[in-house]
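Next come the chains, spelled out residue by residue.
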Amino acid sequence: MTTAARWGLVAYGVIYLLIGLLALRIAFGDREGQADSGGALRELAQQPFGRALVWAVGIGLAGLALWRLSEALLGAARPEGHTAKERLRSAARCAVLAVLSASAIAFATGSANGGSSDRQSQDLTSRVLDLPAGRWLVGALGLAVVAIGVWSAVRALRHEFRRELGPVPARLRRAVDFLGVAGGLARGLVFAVAGGFAVLAAVRYDPDRAKGLDDSLRALAATPAGPWLLAAVAVGLALYGLFLFAMARWHKG
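Predicted model, so just to flag it, every value in this text is computed and none were measured. (Residues numbered from 1 in each chain as written. Predicted model: local features only at pLDDT ≥ 70, side-chain atom pairs only at ≥ 80, totals over all residues. Heavy atoms only, no water.)

Visitor: What's the story with the confidence of the model for the chain in this structure? I'm lost.
Guide: Segments scoring low in pLDDT should not have their predicted coordinates read at a detailed level. Summary statistics for the chain give a mean pLDDT of 86 and a share of 94% for residues scoring 70 or more. By mean pLDDT, helix α5 (residues 117-129) is the weakest element of the chain at 73, and helix α9 (residues 227-250) is the strongest at 94. (pLDDT = per-residue confidence, 0-100. Helix = DSSP H or I, 4+ residues; strand = E, 2+ residues; numbered from the N terminus.)

Encoded structure:
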């Protein structure tokens, strides 16, 4: 299980690293790229032995999902890892990783093409809006995603990721802290932006206002800070990928 978890953390890191690099290309004028997990899988598939690499990522994410499930059921090897809050957090992580793993494996088998997260978000929002009290559900989910983004950023600033790390060599401790903080802030900002668009979709009763990861990142380039904000966030997401590599190496199993 520990081996599966480390493999999965590396696979997850590859996804974030590629998303960051794709977003960086978009910041500097690439109109064709798609900075989300689907775009990352397509980029990976274009490399030598690309299909095998996609399989490796999908299987690794499945292993990481199973490990998070074991944490949800049995408790995690970190402070307060047996509390209900930590078990719920592990269960939520398991669900996200299971979806990503299924997408990667479907892509590897050729039964999916790594569709746009933006289209998927809009389709899901449209279906939920059609439900009774659908507008309230979409709004509540959007606010929850915003809260997750803010919470992730605050946890990064407070270095709470250290609770999941074992002993890190002293010469590398500052570098790992930098990766965790910078990556966590970028990831939290993207979550908050995506959640904000979901809230806007609920307020306007317009599913097209919902945005996936790719459009949420592109929206950053439309701010007064321009493409430079997108570039900074893209670098942060790539750094989060590197942080996940560090987690794979020194995670408290």
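Visitor: Help me out: how do you make sense of unusual backbone geometry in this one?
Guide: With glycine set apart, most residues show a phi of negative sign, and most peptide bonds adopt trans. Backbone geometry at Phe49 places phi at a positive 60°, although glycine is not the residue there. Looking at the element boundaries, Phe49 is found in the loop between α2 (37-45) and α3 (50-74).

Visitor: For this particular structure, what's the right way to read the pattern of salt bridges?
Guide: Should the charged atoms of two oppositely charged side chains come close, the side chains can pair. Considering all chains together, one arrives at ten salt bridges under this definition. When the shortest N-O distance is used, the salt bridge between Asp214 and Arg218 registers 2.9 Å. Remark: Arg218 and Asp214 occur in helix α8 (residues 213-221); sequence separation between them is four residues, near one turn of the helix. Via salt bridges that share partners, Arg68, Glu71, Arg89, Arg93 and Glu164 belong to a single interconnected network. (Salt bridge = Lys/Arg side-chain N within 4 Å of Asp/Glu carboxyl O.)

Visitor: Would you mind showing me how to read α2 here?
Guide: Because each turn of an α-helix spans 3.6 residues, side chains separated by three or four positions in sequence point in the same direction. Three or more residues of α2 are buried, namely Gly38, Gly39, Ala40, Leu41, Glu43 and Leu44. Contact partners of the buried residues in α2: α1 (2-27), α3 and α4 (84-109). The N-cap residue of α2 is Asp36: its side-chain oxygen and the backbone nitrogen of Gly38 are 3.2 Å apart. (Buried < 20%, exposed > 50% of the residue type's maximum accessible area, 1.4 Å probe, protein only. Contact = heavy atoms within 4.5 Å. Polar contact = N/O pair within 3.5 Å; in protein donor to acceptor, adjacent residues only side chain to side chain.)

Visitor: Explanation requested: the nonpolar core in the structure shown.
Guide: If you look at soluble globular proteins, the nonpolar side chains tend to sit buried side by side. Ranked by size, the top nonpolar core spans 54 residues in total, and within it Tyr12, Leu217 and Leu237 carry the most contacts. The set of elements that each furnish at least two residues to this core consists of α1, α2, α3, α4, α7 (170-204), α8 and α9. If we ignore the near neighbours within four places in the chain, the residues touching Tyr12 are Leu61, Leu64, Val96, Leu97, Leu100 and Leu244. (Core = buried A, V, L, I, M, F, W, Y, C linked by side-chain atoms within 4.5 Å.)

Visitor: How do you make sense of the packing of aromatic side chains when you look at a structure like this?
Guide: In this description, an aromatic ring pair is defined by two values, namely the gap between the centres and the angle between the planes. A full pass over the atoms with the stated rule returns five aromatic pairs. Both rings, one in Tyr12 and one in Tyr16, keep their centres 5.3 Å apart while their planes meet at 65°; by these two values the pair is edge-to-face. Highlighted residues: Tyr12 and Tyr16, both in helix α1, separated by four residues, approximately one helical turn. For the pair Phe161 and Phe243, a centre-to-centre distance of 5.1 Å together with 70° between the ring planes defines the contact as edge-to-face. Linking Phe161 in the loop between α6 (134-157) and α7 with Phe243 in helix α9, this pair joins segments that are 82 residues apart in sequence. Classification of Phe243 as buried rests on a relative accessible area of 4%. (Phe/Tyr/Trp six-rings, centres within 6.5 Å; stacked < 30°, edge-to-face > 60°.)

Visitor: What should I look at first to understand a nonpolar patch on the surface in this one?
Guide: Together, Met1, Leu66, Leu69, Leu73 and Leu74 make up a nonpolar patch on the protein surface, roughly 540 Å² of accessible area in all. For Leu74, the position within the fold is in helix α3. On the accessibility criterion, Leu74 (62% relative accessible area) is exposed. (Patch = residues over 30% accessible without salt bridge, like charges linked within 9 Å, V, L, I, M, F, W, Y side chains within 5 Å. Areas by Shrake-Rupley, 256 points an atom, 1.4 Å probe, with all protein chains shown as cover.)

Visitor: Is there a simple way to think about the packing of α7 against α8 in this case?
Guide: For any two helices packed against each other, the geometry is given by the interaxial angle and the distance between the axes. Running from amino to carboxyl end, α7 crosses α8 at an angle of 100°, the nearest separation of the two axes being 9 Å. Here α7 lies roughly perpendicular to α8, going by the angle between them. Contacts between α7 and α8 involve Val190, Val193, Ala194 and Phe197 from the first element and Leu213, Ser216, Leu217, Ala219 and Leu220 from the second. The residue inventory of the contact of α7 with α8, partitioned by class, reads eight nonpolar, one polar and no charged. (Axes fitted to C-alpha atoms, helices over the stretch in contact; angles between N-to-C directions. Parallel < 35°, antiparallel > 145°, perpendicular 65-115°, else oblique. Nonpolar A, V, L, I, M, F, W, Y, C, P; charged D, E, K, R; others polar.)

Visitor: Looking at this structure, I do not really get α3. What am I missing?
Guide: Over its 25 residues, α3 runs 36 Å from end to end, which matches the ideal 36 Å to within 8%, given 1.5 Å per residue. Count one or two residues on from α3 and you reach Gly75, which has phi positive near 95°. (Expected span 1.5 Å × (residues − 1).)

Visitor: Before we go on, may I ask you to explain the packing of α8 against α9 in this structure?
Guide: Where α8 contacts α9, the two axes come as close as 6 Å, and the packing angle between them is 135°. Classified by the angle between their axes, α8 and α9 sit oblique to one another. Here Leu217, Leu220 and Ala221 of α8 come into contact with α9, specifically with Pro227, Leu229, Leu230, Val233 and Leu237.

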